[in-house]
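Fold and contact review
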Amino acid sequence: MQYKIENDTLLPAPATFTLPDGRTVSNFSSSPELMTAHGFTMTEEEAQEWRGAHPAPEPPPRTTCTRYELISVLRERFPELLTSLREACASDADLQFWWNSVNELDRNNADFAAAAEKLGIDAPTLDAVFAAAGEA
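Position numbers for residues start from 1 in each chain and track the written sequence from start to end. Reporting of local features is limited, given that this is a predicted model, to residues whose pLDDT is at least 70; pairs of side-chain atoms are given and counted only at 80 or more, and all residues count toward the totals for whole chains, interfaces and linings. The basis for the side-chain values is all heavy atoms of the structure; hydrogens and waters are excluded.

Numbering of helices and strands runs from the N terminus; a helix is a DSSP stretch of H or I covering at least four residues, while a strand is a stretch of E covering at least two. Each helix and strand in the protein was counted, giving seven helices and six strands. When the elements of the protein are put in sequence order from the N terminus, they spell out β-β-β-β-α-α-β-α-α-α-β-α-α. The globule rule used here is 2.2 Å times the number of residues to the 0.38 power, and the radius of gyration it is set against is calculated over C-alpha atoms. Taken over the C-alpha trace, the protein has a radius of gyration of 25 Å; the compact-globule value for 136 residues is 14 Å, which it surpasses by more than 25%. Across its three principal directions, the C-alpha atoms of the protein cover 70 × 35 × 25 Å. Only protein chains enter the calculation, and the probe is 1.4 Å; a residue is then buried if its accessible area is under 20% of its type maximum, exposed if over 50%, and partly exposed in between. Across the 136 residues that make up the protein, the buried fraction comes to 32%. The contact rule is simple, with two residues in contact once any of their heavy atoms fall within 4.5 Å. Nonlocal contacts in the protein, meaning residues at least 24 apart in sequence, comprise 54% of its contacts between residues at least 6 apart. Counting only carbon and sulfur atoms, one obtains 52% of the accessible surface of the protein, whose full area is about 9000 Å². Here, Shrake-Rupley sampling with a 1.4 Å probe gives the accessible areas, and only protein chains in the shown set may cover a residue.

Strands were regarded as paired on the criterion that DSSP finds at least two bridges between them. The pairing of strand β1 (residues 3-6) with strand β2 (residues 9-12) spans four bridges and is classified as antiparallel. Across the sheet, Tyr 3 pairs through a bridge with Pro 12, a residue of β2. Counted along the chain from β1 to the antiparallel partner β2, the turn is two residues long, and its residue Asn 7 has a positive phi close to 55 degrees.

Of the grid points, spaced at 1 Å and generated over the protein atoms alone, those admitting a 1.4 Å probe that cannot get out make up cavities, while open sets with protein on both sides within 12 Å along at least five of seven lines make up pockets; any residue with an atom within 4 Å of a point is treated as lining. Grid points are joined across faces, edges and corners, and a volume is the space filled by probe spheres set on the points. On inspection of all chains with the given rule, the structure shows one cavity of 30 Å³ or more. Looking at the largest cavity, its volume works out to about 130 Å³. Around the largest cavity, the lining residues are Leu 70, Leu 74, Leu 85, Trp 98, Trp 99, Phe 112, Ala 115, Ala 116, Leu 119, Ile 121, Leu 126 and Val 129. Mapped by element, the contributors of at least two residues to the lining of the largest cavity are α3 (67-77), α5 (93-101), α6 (110-118) and α7 (123-135). Per element, the largest residue contribution to the lining of the largest cavity is three residues, and it comes from α6. Three classes are used, and their members are as follows: Ala, Val, Leu, Ile, Met, Phe, Trp, Tyr, Cys and Pro are nonpolar, Asp, Glu, Lys and Arg are charged, and the others, Gly among them, are polar. A class-by-class count of the residues in the lining of the largest cavity yields twelve nonpolar, no polar and no charged.

Okay, the nonpolar core next. The biggest cluster of nonpolar side chains holds 26 residues, and the ones touching the most others in it are Leu 70, Leu 74, Leu 85, Trp 98, Trp 99, Leu 105 and Val 129. Among the elements of the structure, α3, α4 (79-91), α5, α6 and α7 are those that each provide at least two residues to this core. For Val 129, the residues in contact, after removing those within four places along its chain, are Leu 70, Val 73, Leu 74, Phe 78 and Leu 81. By size, the runner-up hydrophobic cluster in this structure holds seven residues, among which are Ala 13, Leu 19, Met 35 and Phe 40. Residues belong to one nonpolar core when they are buried, are Ala, Val, Leu, Ile, Met, Phe, Trp, Tyr or Cys, and are joined through side-chain atoms within 4.5 Å.

Turning our attention to the pattern of salt bridges. A side-chain nitrogen of Lys or Arg and a carboxyl oxygen of Asp or Glu constitute a salt bridge if their distance falls within 4 Å. Here the structure, examined in full by the defined rule, presents eight salt bridges. With a shortest N-O distance of 2.8 Å, Glu 69 and Arg 62 are connected by a salt bridge. Given the relative accessible area of 21%, Glu 69 is considered partly exposed. Overall, Arg 62 belongs to the partly exposed group, its relative accessible area being 29%. In this structure, Glu 76 and Arg 77 form a salt bridge, with 3.6 Å as the shortest nitrogen-oxygen distance. One network of salt bridges, in which partners are shared, links Glu 76, Arg 77 and Glu 135.

The following block contains the structure:
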């Protein structure tokens, strides 16, 4: 296998490649001559060195989850917040309506932020809840 770097990304030679004239080459990655002619000159060893020097970035923190994921996380790790959510929905018709009208919760959404504020949930707790939802 040979590779090339394009836009600071390591690209393996594809199995099928379209030449500049529009023709398609099957088994492109089986031809060292064609790969080299089209810029795929990096060997597997060189690619491993490049990967070591360019570790993959950490994924951004999760900001969305489904209601089911949220309830599961609250039940398992934050039972006091689940109790607060149930009580708030029972006593606040607007919150209950909002809760029943969404499937995916987005922490950057204004309605979600208002609901979290009503429940007294701070940013570090939300970070923990969404991180736990990402693990589920």
